Amino acid sequence: MEKQYYNSYSVWDLPTRLFHWINVLCVIAMICLGTIILWGSALGLNSDGKLLIKTIHVYVGYVFAINLIIRLMWAFMGNRFARWNSFLPFGRNYLKKLKGYLTAEKEGKTQFYLGHNPLGKLAVSAILLSLVIMATTGLVLAGTDIYFPPFGTIFQQWIAASGVNPADVVSGVKDNVDVAAYAEMRSFRKPFISLHNWFFYVIIGLIFIHIGAVIFTEIKSGANLISAMFTGKKILTGEPEDKEE
Ligand code: HEM
């Protein structure tokens, strides 16, 4: 009988695993809350209810954004598999490796990777970029919609009517704002809400692709991709392509 090859490697460090699961919880919460904001009227939500949901969405959004910022900083400090070059689809021979991976897939051969495989790098980069877009646009909207930090005071100062203390400008009350400045602020907001809306759907699509690809690769290669994101340890049944990178 052929000898079966098994090897266990420490791959995902603790900060990377913590980021991943905090991010999962936040994104699920943000999608649910965002869905309620989108279809609030159809769900019979009055303006106070909508404001409450937006406020909760923003508080969860702070956790989400801080977690994301820490992760992006960790990409400068973490272990080999947490760093920028472990997930950005560039670097030495990237296209050659991608071609090799796709050819192997087509031929039904399995390539093993400690970190992300070349196709996975594309997916992880697309996910991270979409998360950055959601965090940036969300933080601006928190300022334009409910005058919350970090930009809320800038928008309050922009639209306060003359003689009105900017701190008294609150969501839903329009009689202490300058009408022209308010209209300008709302057109400034437009591209941010559009991006926030489009990327809501992009993220849902990427989540399906991500989960589908992980399950497919786990079944095909026999590697424990899912439990590795809990334990940090990957068990591979073949020699990894990226052992020496
Ligand atoms: C993956 C993360 C996120 C998802 C999936 C998400 C999803 C959504 C969705 C679907 C909406 C409704 C858009 C609309 O009304 O047209 C929304 C609105 C909003 N989001 Fe997010 N969001 C995310 C992150 C954030 C973050 C990080 C913040 C800020 C800290 C934020 C702040 C807001 C605000 C203020 C609104 C209200 C905009 C409005 O008045 O309609 N979001 N979000």
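Preceding block: the structure.
The structure displayed is predicted, hence computed values, not measured ones. (Residues numbered from 1 in each chain as written. Predicted model: local features only at pLDDT ≥ 70, side-chain atom pairs only at ≥ 80, totals over all residues. Heavy atoms only, no water.)

**Description of the site of the ligand**
- Neighbouring residues of the ligand: 23 residues in total, closest K54, H57, D145, H196 and N197.
- Side-chain polar atom of K54 to an oxygen atom of the ligand: 2.8 Å apart, as the coordinates give it.
- Contact distances for the ligand include 2.9 Å between a nitrogen atom and a side-chain N or O atom of H196.
- Judged by the proximity of its atoms to the pocket grid, the ligand belongs to the second largest pocket. (Near = heavy atom within 4 Å. Polar contact = N/O pair within 3.5 Å; in protein donor to acceptor, adjacent residues only side chain to side chain. 1 Å grid on protein atoms, 1.4 Å probe; cavity = no way out; pocket = protein on both sides within 12 Å on 5 of 7 lines; lining within 4 Å. Sits in = over half its atoms within 2 Å of the grid points.)

**Side note on the pattern of salt bridges**
- A full pass over the atoms with the stated rule returns 5 salt bridges.
- For K54, the salt bridge is made with D145, and the minimal N-O distance between the two is 3.4 Å. Of this pair, K54 sits in helix α2 (residues 47-77) while D145 sits in helix α5 (residues 118-146), placing them 91 residues apart in sequence.
- Accessibility expressed as a relative area gives 25% for K54, which makes it partly exposed.
- Put simply, K243 and E239 hold a salt bridge, and the shortest N to O gap is 3.4 Å.
- Of the residues examined, K243 reaches a relative accessible area of 35% and is grouped as partly exposed. (Salt bridge = Lys/Arg side-chain N within 4 Å of Asp/Glu carboxyl O. Helix = DSSP H or I, 4+ residues; strand = E, 2+ residues; numbered from the N terminus. Buried < 20%, exposed > 50% of the residue type's maximum accessible area, 1.4 Å probe, protein only.)

**So, the packing of aromatic side chains**
- Going through the model one piece at a time under the given rule, you end up with 11 aromatic pairs.
- Here the aromatic rings of W21 and F230 are separated by 4.4 Å at their centres, their planes lie at 15 degrees, and the arrangement is stacked. Pair noted here: W21 is in helix α1 (residues 14-38) and F230 is in helix α8 (residues 225-231), with a separation of 209 residues, a long-range link.
- Look at W84 and F87: their rings are 5.6 Å apart centre to centre, the planes differ by 50 degrees, and that puts the pair in the tilted class. With W84 and F87 both in helix α3 (residues 84-87), this residue pair falls 3 residues apart, about one helical turn.
- Of the residues examined, F87 reaches a relative accessible area of 2% and is grouped as buried. (Phe/Tyr/Trp six-rings, centres within 6.5 Å; stacked < 30°, edge-to-face > 60°.)

**Brief notes about the layout of surface pockets**
- Approximately 1300 Å³ is the volume found for the largest pocket.
- Along the walls of the largest pocket sit 48 residues, with H20, V124, I127, H210 and V214 positioned nearest its centre.
- With 13 residues, the top contributor of residues to the lining of the largest pocket is helix α7 (residues 179-221).
- Looking at side-chain class alone, the lining of the largest pocket contains 32 nonpolar, 12 polar and 4 charged residues.
- The calculated volume of the second largest pocket comes to roughly 650 Å³.
- As for the second largest pocket, its lining consists of 29 residues, of which G34, I37, H57, L141 and H196 are closest to the centre.
- When residues of the lining of the second largest pocket are traced back to their parent elements, those giving at least two are α1, α2, α5 and α7.
- Ranked by residues supplied to the lining of the second largest pocket, first place goes to α5 with 9 residues.
- In terms of residue class, the lining of the second largest pocket is made up of 19 nonpolar, 6 polar and 4 charged. (Points joined across faces, edges and corners; volume = space filled by probe spheres on them. Nonpolar A, V, L, I, M, F, W, Y, C, P; charged D, E, K, R; others polar.)

**Brief notes about the packing of α1 against α7**
- Relative orientation of the contacting elements α1 and α7 amounts to 135 degrees, with a least axis distance of 11 Å. Judged by the inter-axis angle, α1 sits oblique to α7. Handedness of the α1/α7 crossing: left-handed. Residues H20, V27, I31, T35 and L38 of α1 lie in contact with α7, whose contacting residues are N197, F200, Y201, I203, I204, I207 and H210.
- Across the contact of α1 with α7, the residue classes tally to 8 nonpolar, 4 polar and no charged. (Axes fitted to C-alpha atoms, helices over the stretch in contact; angles between N-to-C directions. Parallel < 35°, antiparallel > 145°, perpendicular 65-115°, else oblique. Left-handed = near helix turned anticlockwise from the far one by under 90°. Contact = heavy atoms within 4.5 Å.)

**Observations regarding the environment of G143**
- Tracing the backbone shows G143 in helix α5.
- Of the residues examined, G143 reaches a relative accessible area of 0% and is grouped as buried.
- Sequence-distant contacts of G143, defined by excluding residues within four places in its chain, comprise F148, F151, G152 and F155.

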